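# Residue-level structure breakdown
Here is what each chain is made of, one letter per residue.
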Amino acid sequence: STALELTGTDRIGLLSEVFAVLSDLQCSVADAKVWTHNGRIASLIHVKDSNSGARIEDVQLISVIEARLRNVLKGDNDIRMAVTHTERRLHQMMFADRDYERKPILESVPTNSPALVTVQNWVERGYSVVNVQAKDRTKLLFDVVCTLTDMGYIVFHATVNTIGDRGYLEFYIRHQDGTPISSEAERQRVILCLEAAVKRRASEGVRLELSTSDRQGLLADVTRTFRENGLNVTRAEVSTMKETAQNVFYVTDVMGKPADGKIIESVREKIGLSYLRVKELPSLVYHKEGGERDEQAVGMAGTVLLSLGSMVRKNLYNLGLIRSYS
């Protein structure tokens, strides 16, 4: 498939318009992940030619796709082709877009336990010590280490622990030239960036799971129904397995507040009660089956990792997040 990167200003119905353009240009969405944070959207969408099922390589068609999507996103946007680790790239896209400095457009419901980030220098040893406390969830460690690495820091040692539903992460870092954080402005920037890294994957809203036979224009139709009923998509994961669409959407109302239950049921009736189901958000996920298990470092209660040992360190090395794992 061909990977499309999109960043821009989020707004109600944007995702619907993006999928409508792709459908109109005979592009089938094989896989997609969408994050929103502080009024910005970042998405990696893998598309194929709807007729042949092959990746899109026609230069003229790619130019048309980019032009149409730029028109949808309007100003202050970026669209490009890419092949990379999806979730790490989403962090890089949001970081490059400086989402951590922006104010949210919609007033979202405040979380009960926001991330707490502190940064102090250990002068005697020449390290900066970063502490992150947040609600434990899958890939918490991955998200934080991705951000530290993309900011140009090297993680030398780390301790990870969980108590109840809280994750506690401590990192000993330096710049690539071996120096610690050197100014108050830099310290504040690290705090803002790590808070954003934790919040980007936060699942705000009602989780809706769609499972149905895949067809041309399915995503455009579903997201248009959301838009027409005043539902805003805050996060989405789209995949196709053996001609079956397996999609997850997190939705709020137009103000970023919890969606009305009656509206949710109305949308389900229009799309299909047996196809679109409401799933409760888990309060704590300790692990997930499948190939992503290594990335989900936090979630093993009481685990302590010194110098990022064992499989966790190997996996972060393979993703280019640390220098070695021996």
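As the structure is a computational prediction, the values presented were derived from the model and not from experiment. (Residues numbered from 1 in each chain as written. Predicted model: local features only at pLDDT ≥ 70, side-chain atom pairs only at ≥ 80, totals over all residues. Heavy atoms only, no water.)

Attention now goes to the environment of Val119. With respect to the helices and strands, the residue Val119 is situated in strand 5 (residues 116-122). The sequence separation of Val119 and Ile191 amounts to 72 residues, and the corresponding C-alpha distance is 7.2 Å. Sequence-distant contacts of Val119, that is, excluding residues within four places in its chain, are made with Val129, Val130, Ile181, Arg187, Val190 and Ile191. (Helix = DSSP H or I, 4+ residues; strand = E, 2+ residues; numbered from the N terminus. Contact = heavy atoms within 4.5 Å.)

Here we come to empty space enclosed by the protein. Under the criterion given, the structure shown has three cavities of 30 Å³ or more. Here the largest cavity defines a volume of roughly 160 Å³. Considering the residues around the largest cavity, the lining is formed by 18 residues, among which Val29, Arg215, Gly217, Leu218 and Leu219 are closest to the centre. At the level of elements, helix 1 (14-24), strand 2 (27-37), helix 6 (218-228), strand 10 (231-241) and strand 11 (244-253) are the ones that each hand at least two residues to the lining of the largest cavity. When its volume is computed, the second largest cavity comes out at roughly 100 Å³. In this structure, the second largest cavity is lined by 14 residues; those nearest its centre are Gly13, Leu14, Leu15, Asn232 and Val233. Sorting the residues of the lining of the second largest cavity by element identifies helix 1, helix 6 and strand 10 as the ones contributing at least two each. (1 Å grid on protein atoms, 1.4 Å probe; cavity = no way out; pocket = protein on both sides within 12 Å on 5 of 7 lines; lining within 4 Å. Points joined across faces, edges and corners; volume = space filled by probe spheres on them.)

Before going further, it helps to examine the sheet that holds strand 5. Spatial strand order, 5-6-8-7: four strands in an open sheet with antiparallel pairing. The sheet is open, and its two borders are formed by strand 5 and strand 7 (153-163), each paired with just one other strand. Each adjacent strand pair in this sheet contributes to an overall mean axis angle of 15°, direction not counted. Relative to strand 8 (residues 166-175), strand 7 is paired through 10 bridges, and the arrangement is antiparallel. If you follow Thr162 over to strand 8, its bridge partner there is Gly167. Here helix 4 (residues 140-150) sits on the sheet in contact with strand 6 (127-135), strand 7 and strand 8, set at roughly 20° to strand 8. Set on the sheet, helix 5 (residues 184-200) makes contact with strand 5, strand 6, strand 7 and strand 8; between it and strand 5 the angle comes to about 145°. (Pairing = 2+ DSSP bridges. Axes fitted to C-alpha atoms, helices over the stretch in contact; angles between N-to-C directions.)

Looking now at helix 4. Where burial is concerned, most of helix 4 is hidden: 10 out of the 11 residues are buried. Phi for Gly152, located one or two positions after helix 4, is positive at around 95°. (Buried < 20%, exposed > 50% of the residue type's maximum accessible area, 1.4 Å probe, protein only.)

This paragraph deals with the pairing of strand 3 (residues 40-49). Of all 10 residues in strand 3, eight are buried; the element is thus mostly enclosed. Alignment of strand 1 (residues 2-9) against strand 3, held across eight bridges, turns out to be antiparallel. Bridging across to strand 3, Glu5 finds its partner in Leu44. Of the strand pairs in this sheet, strand 2 and strand 3 are connected by 10 bridges, and their pairing is antiparallel. If you follow Thr36 over to strand 3, its bridge partner there is Ile41. Between strand 2 and strand 3, which pair antiparallel and follow one another directly, the connecting turn spans two residues, one of which, Asn38, has a positive phi of 50°.

Attention now moves to the side chain of His91. With respect to the helices, strands and loops of the structure, His91 is situated in helix 3 (residues 86-96). Here Arg200 takes part through its side chain, which lies 2.9 Å from a polar atom of the side chain of His91. Aside from chain neighbours lying at most four places away, what touches His91 is Trp35, Asp143, Cys146, Thr147, Ala197, Arg200 and Arg201. (Polar contact = N/O pair within 3.5 Å; in protein donor to acceptor, adjacent residues only side chain to side chain.)

Shape descriptors only; they carry no functional weight alone.
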